[in-house]
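Summary of structural features
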Amino acid sequence: MKTEYMNQNGFYEDLSATGVIPVVVLERVEDAVPMARALLDGGLPAAEVTFRTAAAADCIREMVEKCPDILVGAGTVVNVEQAKRAVEAGAKFIVSPGCDLETVDWCLEHEVNVMPGGVTPTEIMTLIARDVHVTKFFPANLYGGIPAMSALASVFVGHRFMPTGGVSAQNVGDYLSNPAIIAAGGTWMVKPDLFADGDFSRVQALAAEAAETVRAARG
Ligand code: 3PG
């Protein structure tokens, strides 16, 4: 496998520049475009649309077709079938909570950016052997947080993490200040109750606050 397969269209650079990746759970396709616009307007030009709802693939398709300026990927992808559906819908990256090698290999073979879960030394070594050098670290707060990622990065030099799980407006700046962390993901700015009434202004405001934290942490 070639390293550039993991970084189609400068994906890692975009990930790092965005800094915070909203982890989106959408039940209704009609919320997809307003969500994408609120995130873009707030200054977070990326969304990980999770395959936790039946609407996920259609939401990805809507965002990709109608909001070309946002980088849209699929999250909570647990098998190849979901990865295929996500890519067919236009997803530019695939995120998994864990390390399913069949899904990873399908993505690599099809030159699709993939960010599998890599938390333990064994998972990370298995992924490095496939030239995957960025992994999701989930659930970050329960698996040791920043000290755990720092310890792993000191052994697996050059490996970087996207922590999710327990990342919040309060602690995201600490995560982003650590060089082992390429970006942090979370749901705090896109919680369903924030836009249940169809008003996405709270999403936009929290996205703007997160974007400001990225600037403060990274300069
Ligand atoms: C994920 O999919 O990464 C997590 O659901 C995000 O966890 P959070 O809700 O604690 O941000």
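So, the side chain of Asp105
Looking at the secondary structure, you find Asp105 in helix 5 (residues 101–109). Polar side-chain contacts of Asp105 include one of 2.7 Å to the side chain of Arg130.

Considering the nonpolar core
Val20, Met35, Leu39, Ile60, Met63, Ile94 and Val203 are the most contacted members of the largest nonpolar core, which has 66 residues in total. When residues in this core are grouped by element, the largest group, six residues, is from helix 2 (residues 32–42). Ignoring anything within four residues of it in the chain, the contact list for Met35 reads Val24, Leu26, Met63, Val190, Phe195, Phe200 and Val203. Grouped together as the second largest cluster of nonpolar side chains are 13 residues, Phe11, Tyr12, Leu15 and Val134 included.

Points about unusual backbone geometry
A cis geometry characterises the amide bond from Phe138 onward to Pro139, with omega recorded as -10°. Tracing the sequence through the fold places Pro139 in the loop between strand 6 (134–137) and helix 7 (145–155). If you check the backbone angles, Thr76 has positive phi at about 50° while not being a glycine. By the secondary structure assignment, Thr76 is in the loop between strand 3 (71–75) and helix 4 (80–89). Backbone geometry places Glu111, a non-glycine residue, at a positive phi of 55°. Relative to the helices and strands, Glu111 resides in the loop between helix 5 and strand 5 (113–115).

Describing helix 3 (residues 56–66)
Taken residue by residue, helix 3 has Ala56, Ala57, Cys59, Ile60 and Met63 as its buried positions. For helix 3, the arc enclosing every buried residue in end-on projection is 160°, short of the 170-degree limit, so these residues lie on one face. On the buried face of helix 3, the contacting elements are helix 2, strand 2 (46–50), strand 3 and helix 4.

Description of the packing of aromatic side chains
When we look at a pair of aromatic rings, we describe it by the centre distance and by the angle of the planes. Counted under the stated rule, the structure contains four aromatic pairs. Relative to Tyr12, the ring of Phe11 lies with its centre 5.8 Å away and its plane at 40°, an arrangement referred to as tilted. We classify Phe11 as buried; its relative accessible area is 2%. What makes Tyr12 buried here is its relative accessible area of 14%.

Points about the site of the ligand
Residues in close proximity to the ligand include Val23, Arg52, Lys136, Phe138, Thr164, Gly165, Gly166, Gly186, Thr187 and Lys191, which together make up its full environment. Here an oxygen atom of the ligand sits 2.7 Å away from a polar atom, N or O, in the side chain of Lys136. A distance of 2.6 Å is found between an oxygen atom of the ligand and a side-chain nitrogen or oxygen belonging to Thr164. A total of 320 Å² of accessible area belongs to the ligand in isolation, and the protein chains cover 81% of it. Of the residues assigned to the shell around the ligand, the class counts are two nonpolar, five polar and three charged.

A short note on the environment of Lys66
Position of Lys66 among the secondary structure elements: in helix 3. Along the chain, Lys66 and Ala196 lie 130 residues apart, while their C-alpha atoms are 21 Å from each other.

Rules used in this analysis
Residues numbered from 1 in each chain as written. Predicted model: local features only at pLDDT ≥ 70, side-chain atom pairs only at ≥ 80, totals over all residues. Heavy atoms only, no water. Helix = DSSP H or I, 4+ residues; strand = E, 2+ residues; numbered from the N terminus. Polar contact = N/O pair within 3.5 Å; in protein donor to acceptor, adjacent residues only side chain to side chain. Core = buried A, V, L, I, M, F, W, Y, C linked by side-chain atoms within 4.5 Å. Buried < 20%, exposed > 50% of the residue type's maximum accessible area, 1.4 Å probe, protein only. Contact = heavy atoms within 4.5 Å. Arc of directions from axis to C-beta. Phe/Tyr/Trp six-rings, centres within 6.5 Å; stacked < 30°, edge-to-face > 60°. Near = heavy atom within 4 Å. Areas by Shrake-Rupley, 256 points an atom, 1.4 Å probe, with all protein chains shown as cover. Nonpolar A, V, L, I, M, F, W, Y, C, P; charged D, E, K, R; others polar.

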